[in-house]
Amino acid sequence: WFDHRVGAWLGARLERNPGKGRWLSREQLASFEASYRRWGGWLLLFNRFFPGVRGFLFLAAGASRIPLSRALLLGGLSAALWNGLLLSAGALVAENLEELVGLVDRYMRTAGLLGGLALLVAVARALWLRRRKSP
């Protein structure tokens, strides 16, 4: 709830004062909002599976004016899916706690690596586009 409300406040502020030394132009902000309104539901539904960026997904939902009730519903479903998978994994390997810990550890490392790689690609793309636009 808090992240969504902060995102709504930030989104309104960016819309009032776009482009004044900000990272996003008016067009980029509109494009982000349109993309997030289109795909944000899926991101919120699976947010528990993206360690390190969960909070940002709710900020973006608020900034993109996705209704709070929808964001909370999808976030709740995501938590239920995540916990269901953890409980299922625990039931499957109940006799070997070390195996479960290793499984979760491998998942967290892989998800963190993929998330870091995605962030690196996004930053590189943004720098490349900025360089291409400057004379």
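Residues numbered from 1 in each chain as written. Predicted model: local features only at pLDDT ≥ 70, side-chain atom pairs only at ≥ 80, totals over all residues. Heavy atoms only, no water.

Q: Can you walk me through the nonpolar core in this structure?
A: Across soluble globular proteins, nonpolar side chains have a tendency to be buried as a group. Y36, L44, L45, L57, F58, A60, A61, I66, A71 and L74 together form the largest nonpolar core, which totals 10 residues. Tallying contributions element by element places helix α3 (residues 54-63) first for this core, with 4 residues. Residues in contact with L44, not counting those within four places in the same chain, are Y36, L57, F58, A61, A71, L74, G75 and S78. (Core = buried A, V, L, I, M, F, W, Y, C linked by side-chain atoms within 4.5 Å. Buried < 20%, exposed > 50% of the residue type's maximum accessible area, 1.4 Å probe, protein only. Helix = DSSP H or I, 4+ residues; strand = E, 2+ residues; numbered from the N terminus. Contact = heavy atoms within 4.5 Å.)

Q: When you look at the environment of E99 in this model, what are you seeing that I'm missing?
A: For E99, the position within the fold is in helix α5 (residues 97-133). Note on E99: relative accessible area 44%, which makes it partly exposed. Considering only alpha carbons, one finds E99 and A89, 10 residues apart in sequence, at a separation of 9.8 Å.

Q: So what exactly am I meant to see when it comes to the packing of aromatic side chains here?
A: Where two aromatic rings form a pair, the distance of their centres and the angle of their planes describe that pair. What the rule picks out here adds up to 2 aromatic pairs. Ring geometry for W42 versus F46: centroids 6.3 Å apart, planes at 5°, classification stacked. Taking the relative accessible area as the measure of exposure, W42 reaches 51% and is therefore exposed. Since its relative accessible area comes to 33%, F46 is described here as partly exposed. Aromatic side chains W82 and Y107 sit 5.5 Å apart centroid to centroid with 45° between the ring planes, which places their arrangement in the tilted category. A residue pair is termed long-range when its members are at least 10 positions apart, and W82 in helix α4 (residues 68-92) and Y107 in helix α5 qualify at 25 residues. (Phe/Tyr/Trp six-rings, centres within 6.5 Å; stacked < 30°, edge-to-face > 60°.)

Q: Quick question: what am I supposed to make of the packing of helix α1 (residues 2-16) against α3 here?
A: Each packed pair of helices is defined by two parameters, the angle between the axes and the distance between the axes. Contact pair α1 / α3: the axes reach a minimum separation of 6 Å and the direction vectors enclose 45°. Between α1 and α3, the crossing angle belongs to the class labelled oblique. In the crossing of α1 with α3, the sense of the turn from one axis to the other is right-handed. Along its contact with α1, which presents D3, H4, V6, G7, A8 and G11, the element α3 presents G55, F58, L59, A61, G62 and A63. (Axes fitted to C-alpha atoms, helices over the stretch in contact; angles between N-to-C directions. Parallel < 35°, antiparallel > 145°, perpendicular 65-115°, else oblique. Left-handed = near helix turned anticlockwise from the far one by under 90°.)

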